[in-house]
Amino acid sequence: MKKERAIIIKNPRLRRIRNELRNILQLWIDDIWSSLTEQIEKHNWDDDRSTIILRNRSELCLFEELSICLCLHCGHRDKDMIYRPDMRQWLCIECNSEIVYYDKLRNELQMNKSEIEEFFNRLKGGEGIGITRLTRSGIKCGGDSYPLSRAILTKMGISPEIQDQFLRFCRYYGGHCDCEIWLNSARFF
Ligand SMILES: [Zn+2]
Ligand SMILES: [Zn+2]
């Protein structure tokens with residue numbers, strides 16, 4: 001599928017039927033999964049047969065992950081879904097809006113590439129979490145109000161409003177404190 005496409009069902013009875021069908025499909029997949037696993041365990045083949053079964057099993061997994069039945073982002077199976085051609089997968093409408101919102105936030109962020117790069121370099125260094133001179137005491141972290149990150153951003157001349165925007169984006173991508181910004185969010189810039 002090449003185009004973005006949303007499938008929304010409003011009628012509560014139809015929604016129930018759709019969700020039941022998704023549950024049945026999931027049960028069917030679980031069933032095949034366990035019978036394949038059983039075959040591998042029972043026969044203990046050391047030839048191509050077990051490789052083929054293992055391959056079938058991972059194809060089955062992929063089939064479910066790429067289907068409209070499951071939102072890989074939140075794991076829910078009872079939502080209206082939208083197909084994202086750029087991600088080549090289905091997402092629920094809520095997760096998609098959230099992703100669109102944070103993509104927009106990142107695009108509108110008034111910090112350029114070199115400022116972002118400078119920030120992460122300084123955060124990792126001595127005035128930040130100190131990962132470059134990792135010692136027995138481990139890394140420093142100021143907690144969820146981001147004191148180390150804010151101090152660096154302030155020294156760089158970034159306004160409080162832009163700091164808020166930047167940190168909101170970081171939080172969404174797993175940066176709940178100074179050290180997690182470096183560990184989780186940095187790769188999303
Ligand atoms: Zn979702
Ligand atoms: Zn931390």
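All values reported here derive from a predicted model rather than from experimental measurement.

Draft legend 1. Spatial organisation of the overall build of the protein chain. Within the protein chain one finds seven helices and three strands. For 189 residues, the compact-globule formula gives about 16 Å, and the C-alpha radius of gyration of the protein chain, at 23 Å, lies well above that figure. Across its three principal axes, the protein chain shows a C-alpha extent of roughly 60 × 50 × 30 Å. Across the 189 residues that make up the protein chain, the buried fraction comes to 32%. Put simply, 55% of the contacts in the protein chain that link residues at least 6 apart link residues at least 24 apart. Split by element, the accessible area of the protein chain, about 12,200 Å² in all, is 53% carbon and sulfur. In the protein chain, the 30 positive side-chain charges and the 28 negative ones have mean positions that sit 3 Å from each other.

Draft legend 2. The coordination of the zinc ion (ligand 1), seen in detail. C71 (SG), C74 (SG), C92 (SG) and C95 (SG) make up the full set of protein donors to the zinc ion (ligand 1), lying at 2.3 to 2.4 Å. Each of the four donor atoms around the zinc ion (ligand 1) contributes to a set of angles spanning 99 to 115°, which defines the coordination as tetrahedral. Binding-site remark: the zinc ion (ligand 1) is held by donors from one chain whose sequence spacing is C-x2-C-x17-C-x2-C. In this structure C71 comes out as buried when scored by relative accessible area, which is 0%.

Draft legend 3. View of the coordination of the zinc ion (ligand 2). Of the protein atoms, only C141 (SG), C177 (SG) and C179 (SG) coordinate the zinc ion (ligand 2), at distances of 2.2 Å. Read in sequence order, the donor residues for the zinc ion (ligand 2) give the motif C-x35-C-x1-C. Of the two residues, C141 is situated in the loop between α4 (113-124) and α5 (147-155) and C179 in helix α7 (residues 178-185); the sequence distance between them amounts to 38 residues. Since its relative accessible area comes to 39%, C141 is described here as partly exposed. The buried category is assigned to C179, whose relative accessible area is 13%.

Draft legend 4. Molecular detail of the side chain of Q165. Secondary-structure assignment places Q165 in helix α6 (residues 160-172). Of the residues examined, Q165 reaches a relative accessible area of 16% and is grouped as buried. Contacts of Q165, omitting those with residues within four sequence positions, involve L105, E108, L109 and Q110.

Draft legend 5. Region of the structure containing the packing of α4 against α7. For the pair α4 and α7, the least separation of the axes is 10 Å and the interaxial angle reads 125°. It follows from the interaxial angle that α4 and α7 lie oblique. As α4 packs across α7, the resulting crossing turns out to be left-handed. In this structure, α4 contributes F119, F120, L123 and K124 to the contact, and α7 contributes D178, I181 and W182. Considering only residue class, the contact of α4 with α7 consists of five nonpolar, no polar and two charged.

Draft legend 6. Up close: the sheet that holds strand β1 (residues 5-7). Taken together, the three strands give an open sheet; going across it, the order is β1-β2-β3, and neighbouring strands pair in antiparallel fashion. Edge positions in the open sheet fall to β1 and β3 (89-92), since each of these has one partner strand only. Strand-to-strand twist of the sheet, defined as the mean angle between neighbouring strand axes without regard to direction, takes the value 25°. When strand β2 (residues 81-84) meets β3, the two strands line up antiparallel, connected through four bridges. Each bridged residue has a counterpart across the sheet, and for I82 the counterpart in β3 is L91.

Conventions adopted
- Numbers given for residues are sequential positions, taken from 1 along each chain in its written order.
- In the order they appear in the text, chains get letters beginning with A and ligands get numbers beginning with 1.
- pLDDT decides what is reported in this predicted model: residues at 70 or higher carry local features, side-chain atom pairs at 80 or more are listed and counted, and totals for whole chains, interfaces and linings draw on all residues regardless.
- To obtain the side-chain values, all non-hydrogen atoms of the structure were included, while hydrogens and water were left out.
- Elements are defined by DSSP. Helices are runs of H or I of four residues or more, strands are runs of E of two residues or more, and each kind is numbered from the N terminus.
- Radius of gyration here is computed from C-alpha atoms only, and the compact-globule reference equals 2.2 Å multiplied by the residue count raised to the power 0.38.
- Throughout, exposure labels follow a simple rule: accessible area from a 1.4 Å probe, protein chains only, divided by the maximum for the residue type, with under 20% read as buried, over 50% as exposed, and the rest as partly exposed.
- Any pair of residues with heavy atoms lying within 4.5 Å of one another is described as a contacting pair.
- Where accessible areas are quoted, they stem from the Shrake-Rupley method and a 1.4 Å probe; at the residue level, only the protein chains shown are allowed to cover.
- When charges are counted, Lys and Arg are positive and Asp and Glu negative, with His and the chain ends excluded.
- A charge is said to be at NZ when it belongs to Lys, at CZ for Arg, at CG for Asp and at CD for Glu.
- The donor definition counts N, O and S atoms within 2.8 Å of each metal and applies 3.2 Å to Na, K and Ca; water is not among these atoms, so some sites may look incomplete.
- In this scheme the shape depends on donor count and angles: four donors with every angle between 85 and 135 degrees give tetrahedral, four or six donors with opposite pairs above 155 degrees and others between 65 and 115 give square planar or octahedral in turn, and any other case is irregular.
- The axes used here are C-alpha line fits, helices contributing only the stretch in contact, and every angle between their N-to-C directions lies in the interval 0 to 180 degrees.
- In this scheme, roughly parallel covers angles under 35 degrees and roughly antiparallel covers those over 145, while 65 to 115 is roughly perpendicular and the rest are oblique.
- Working rule for handedness: look at the near helix, and if it is turned counterclockwise from the far one by less than a right angle, call the crossing left-handed; if clockwise, right-handed.
- For this classification, Asp, Glu, Lys and Arg are treated as charged, while Ala, Val, Leu, Ile, Met, Phe, Trp, Tyr, Cys and Pro are nonpolar and the rest, including Gly, are polar.
- DSSP-based pairing: two strands are paired if at least 2 bridges between them are found.

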